[in-house]
Each structure stands twice: as structure tokens, then as C-alpha cells.
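Listed here are the chains, written in short residue letters.
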Amino acid sequence: MNDLTALALRHQAIAVVGMGKNTGKTVTVNCLVAGAVQAGIALGLTSTGRDGESADIVSALPKPAIYLPEKAVLATSTASLGRGTARLEILDTTGIYNALGEIVIARVREAGSVEVSGPERTGDLRAVIARLQDYAQLVIADGAIDRIAASAPSVTDAAILATGAVIGRDVQKVVGLTVHAARVLMTPAVSNLGEQGLALLEQGKIGVQNQHGQVKPIPLTTAIDAPPEISDYLSPEYNCLLVGGALSDPLAELLLQASWKVPGLKAVVQDGTRIFVEPGRWQRLLRRVAVNVTRPINLIAITVNPVDPRGRRLPGRQLVGGLRELMPELLVVDPMAEGG
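Residues numbered from 1 in each chain as written. Predicted model: local features only at pLDDT ≥ 70, side-chain atom pairs only at ≥ 80, totals over all residues. Heavy atoms only, no water.

Participant: Could you clarify how one ought to interpret the overall build of the chain in this entry?
Facilitator: Counting its secondary structure elements, the chain contains 9 helices and 20 strands. What you see for the chain is a C-alpha radius of gyration of 21 Å, in line with the 20 Å of a compact globule of 340 residues. Dimensions along the principal axes, computed over C-alpha positions, put the chain at roughly 65 × 45 × 35 Å. The buried share of the chain, reckoned over its 340 residues, is 54%. Summing over all exposed atoms, the chain offers an accessible surface of approximately 14900 Å²; the carbon and sulfur share of this is 51%. (Helix = DSSP H or I, 4+ residues; strand = E, 2+ residues; numbered from the N terminus. Rg over C-alpha atoms; globule rule 2.2 N^0.38 Å. Buried < 20%, exposed > 50% of the residue type's maximum accessible area, 1.4 Å probe, protein only. Areas by Shrake-Rupley, 256 points an atom, 1.4 Å probe, with all protein chains shown as cover.)

Participant: Help me understand the pairing of strand β11 (residues 158–164), please; the structure alone is not making it clear to me.
Facilitator: On a regular strand, one side chain projects to one face of the sheet and the next to the other, so that they alternate. Where burial is concerned, most of β11 is hidden: 7 out of the 7 residues are buried. Alternating positions in β11 separate into two faces, Ala158, Ile160, Ala162 and Gly164 on one and Ala159, Leu161 and Thr163 on the other, with burial throughout. Taken together, the 5 bridges between strand β1 (residues 13–18) and β11 define a ladder with parallel strand orientation. Each residue of the ladder has a partner; that of valine 16, found in β11, is isoleucine 160. In the sheet, β11 pairs with strand β19 (residues 299–305) via 6 bridges, with the strands oriented parallel. From the neighbouring strand, isoleucine 160 faces β19, where its bridge partner is alanine 301. (Pairing = 2+ DSSP bridges.)

Participant: Whenever I open this one, unusual backbone geometry confuses me. Can you help?
Facilitator: In this structure, asparagine 22 takes a positive phi of about 65 degrees despite not being glycine. Looking at the secondary structure, you find asparagine 22 in the loop between β1 and α2 (25–39). Exposure remark for asparagine 22: the relative accessible area of 22% places this residue in the partly exposed category.

Participant: I'm lost on the packing of helix α7 (residues 249–258) against helix α8 (residues 279–288) in this one. Help?
Facilitator: The geometry of a pair of packed helices is captured by two quantities: the angle between their axes and the separation between those axes. For the pair α7 and α8, the least separation of the axes is 10 Å and the interaxial angle reads 35 degrees. When the axes of α7 and α8 are compared, the crossing they make is left-handed. Contacts between α7 and α8 pair Asp249, Ala252, Glu253, Leu255 and Leu256 from the former with Arg281, Arg284, Leu285 and Arg288 from the latter. For the contact of α7 with α8, the class distribution of residues is 4 nonpolar, no polar and 5 charged. (Axes fitted to C-alpha atoms, helices over the stretch in contact; angles between N-to-C directions. Left-handed = near helix turned anticlockwise from the far one by under 90°. Contact = heavy atoms within 4.5 Å. Nonpolar A, V, L, I, M, F, W, Y, C, P; charged D, E, K, R; others polar.)

Participant: How should I be thinking about the side chain of threonine 76 in this particular structure?
Facilitator: Looking at the element boundaries, threonine 76 is found in strand β5 (residues 73–77). On the basis of relative accessibility, which here comes to 1%, the residue threonine 76 falls in the buried class. One polar contact links the side chain of threonine 76 to the main-chain carbonyl oxygen of glutamate 115, over a distance of 3.1 Å. The residues touching threonine 76, leaving out its near neighbours within four places in the chain, are Leu81, Glu102, Ile103, Val104, Glu115, Val116 and Ser117. (Polar contact = N/O pair within 3.5 Å; in protein donor to acceptor, adjacent residues only side chain to side chain.)

Participant: Please explain the pattern of salt bridges as it appears in this structure.
Facilitator: Pairing of side chains with opposite charge becomes possible as their charged atoms draw close. Counted according to the given criterion, the structure contains 16 salt bridges. A salt bridge links aspartate 92 to arginine 131; the nearest nitrogen and oxygen atoms lie 2.7 Å apart. Of this pair, aspartate 92 sits in strand β6 (residues 87–98) while arginine 131 sits in helix α3 (residues 122–132), placing them 39 residues apart in sequence. On the basis of relative accessible area, aspartate 92 is assigned to the partly exposed category, the value being 30%. Here glutamate 329 and arginine 183 are joined by a salt bridge, their closest N and O atoms 2.5 Å apart. Of this pair, glutamate 329 sits in the loop between α9 (316–326) and β20 (331–333) while arginine 183 sits in helix α4 (residues 171–185), placing them 146 residues apart in sequence. Looking at glutamate 329, the relative accessible area reads 41%, which means it is partly exposed. One salt-bridge network, in which partners are shared between bridges, spans Glu202, Asp271, Arg274 and Arg295. (Salt bridge = Lys/Arg side-chain N within 4 Å of Asp/Glu carboxyl O.)

Participant: Help me understand helix α5 (residues 195–202), please; the structure alone is not making it clear to me.
Facilitator: Note on helix geometry: an α-helix contains 3.6 residues per turn, so any two residues three or four positions apart are oriented the same way. If you check which residues of α5 are buried, you get Gly197, Leu200 and Leu201. Take α5 and look down its axis: the buried residues cluster within an arc of 95 degrees, on one side only. For α5, the secondary structure elements touched by its buried residues are β12 (206–209), β13 (215–217), β14 (240–243) and β16 (266–269). The positive-phi residue at the C-terminal boundary of α5 is glycine 204, with phi of around 75 degrees. (Arc of directions from axis to C-beta.)

Participant: Looking at this structure, I do not really get the packing of aromatic side chains. What am I missing?
Facilitator: For any pair of aromatic rings, the description consists of the separation of the ring centres together with the inter-plane angle of the planes. Applying the stated criterion across every chain yields a total of 0 aromatic pairs. For lysine 216, the ring lying beneath its charged end belongs to tyrosine 238, and the centroid distance is 4.4 Å. Looking at arginine 288, its charged tip hangs above the ring of tryptophan 260, at a distance of 3.6 Å from the centre. (Phe/Tyr/Trp six-rings, centres within 6.5 Å; stacked < 30°, edge-to-face > 60°. Lys NZ or Arg CZ within 6 Å of the ring centre and 35° of its normal.)

Participant: Just checking my understanding: could you explain the sheet that holds strand β18 (residues 290–293) for this structure?
Facilitator: Adjacent strands of a sheet form backbone hydrogen bonds with each other and so pair up, either parallel or antiparallel. Taken in spatial order, the 5 strands line up as β13-β12-β14-β16-β18 in an open sheet, and their pairing is mixed. Each edge of the open sheet is held by one strand with a lone partner, namely β13 and β18. Strand-to-strand twist across the sheet, computed as the mean angle between neighbouring axes with direction ignored, equals 25 degrees. Relative to β13, β12 is paired through 3 bridges, and the arrangement is antiparallel. Looking across to β13, one finds that glycine 207 is bridged to proline 217.

Participant: Which parts of the structure should I look at to understand the sheet that holds strand β2 (residues 43–47)?
Facilitator: Spatially, 9 strands are ordered β6-β7-β5-β2-β10-β1-β11-β19-β20 in an open sheet, and the strand pairing comes out mixed. Two strands in the sheet have a free side with no partner beyond their single neighbour: β6 and β20. Within this sheet the neighbouring strands show an average axis-to-axis angle of 20 degrees, counted without direction. Two strands pair when backbone bridges link them, and β5 and strand β7 (residues 101–110) are joined in this way by 5 bridges, in the antiparallel orientation. Paired with threonine 76 across the two strands is valine 104, which belongs to β7. In this fold α2 packs onto β1, β2, β10 (138–142), β11 and β19, with an angle of close to 155 degrees to the strand it touches most, β1.

Below you can see the structure in the form of C-alpha cells.
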């Protein structure tokens, strides 16, 4: 059993999240599936949206198939049931729908390829994973960078990030973008959030908190565009901004400006999937503002695909080595190079 599979099998539900299309996410999933079979682990699979089709629906480039062994279970739409070579038996319905129909729970009666088209909303994904866990010891949720909520700790208890040559022109660019994405997902937990603040964040609202845990709600429906009145609520006493939605580039810029007049400025979001700040601004923000989360993501590994399907290839050893040097706390592997 390889190191990636051994690490994944310590968990009950794991997300495989790609930084973009063609970053080797499907290869990573197949590597985990093969490892689970070798270990005799009952396996479940679903996805956030559609995956496993023979060609990318946007670029038309060929894609590797997702293969499932006999007795594995998957949650997929009714329209996807016949779009692979595996023979499937429907076990149950879920009452949850996506654009391709109702999501059903099916068991593999004859091994083969599958198309997985799972729930698109975070709450639905959480419910479907719970249903799969009735049949499986390990559930894999196949995600993507634009559907990264699969890695949220309210959905899965661990995550693997898939990256590759397709996201950058050279090793340095790919490593830099990947480290940024990983660090954002791994934003540390807040240590001093009161019950009022936690409740406000769970409701998706915005507010400020002082060091005694007292909260003042900000009457805004969203902070994404960083309305300037947010600055009026920040002060040396109320120096912690609670963001129930997304921490965006405009909001990061507002916090940077406010940090000059508010000592010890902090910001708290629910988890790293809510942070959408470009790398340069993110680094500037962290030098001036402490950013924390209420639910930290357990990122356990990064997988690397050195091949861009459009014909370009980067040196795999350099990609793996560069990431290992900057992220020593994570397992970094090229699944194909290691026999995945």
C-alpha cells in the first residue's frame, strides 16, 4: 500500500479537490480506490457536480475514467447510471436532485468505469455522504476548485489537493499557486471566539467582536464588495471582524486600510473554503491582520500531475520537491510516478 492510501484510510470521509481541470484529480481518486480494494475497505464515492465523463465538457479533451470495484457504492444522478461500463444496482433514492436528475445510491455488481454526478449544494453533499456511510467505511468526495466546499470540515474530515502543470507555465508558478491554495485551506482555528460570535457566523451574518466576546451585528446582507460602513464598526475595542460569508479581495483591501488605525485587527470566517483573496494581497493581509477560522480544514496531502494534456510537461521531481520543501507538514506525491 502506498503512503497516500495509507494516510487516506485513517479517515471516514475524504475530499479530493482539484485546483483546476486536468490537475490529476481522477488519477488521485483511482489511486485511493485501488488502495482501498487492496486493504479490503468498503468504499463509497460521490462528487460535487459531474465527473467521470470520457471527455471534458468544456475543452473536449479526453479524461481518464473513474473505475470502481465490485461491491463499492456510489451516489450519482439517474442520468449517469448507464454512462459507464460498470453494472450497477440501485439500493436507495435520496430525494436530492441536480441538473441530471435525482441522486440515487447504487452498488457496483460488476466492476468498471462510472460517471459520477453528485449533489451541487454543500448541505446536500453532507447528507449524501452520510447516506453512503451506511454502506461504506471510506467515502471519497470528488471535488474541484470551483466546488471546493467538498473539503469543508462540515462535509468531510480530511482533504487532498490535486495540482499540476495545467495551472502554471513553469515549476515556480505551479508551486507558488499551490502553496497559496493549501495555506488558505489550512487557515488556523480561532482561539477566543465567544458564543455570540459563533452564532452570528453560523447564521451567515457580519459583525464585530471585542475581547470580552461581546458582539455588534453589522446590518449588511453581504460583505463581499466591502461596503465602506464596515470600517465605522471597527475600533481599538471592537477589533475583530466576523465574516459569515466570503472573505473577498475587496474586503481584504478594506481590512488592510483599517489595520493602520485599529491595533491588533483580526478577521474570522467559518473555514478556508470561504477565502477568495489573490496571493499577493493575501500575504500583505497576513502581515497586518490575523485571519482565523471556526472550523479548520484537515488538509493531509497534495498530489501532482506534471503533464498538461495540451502537450506541455514539467519536471515532476522538481514539482514534488518544491512543494515538499515549502510544505513539509504535508505528504506530496506524484501518484503516477509512484505506481498509482
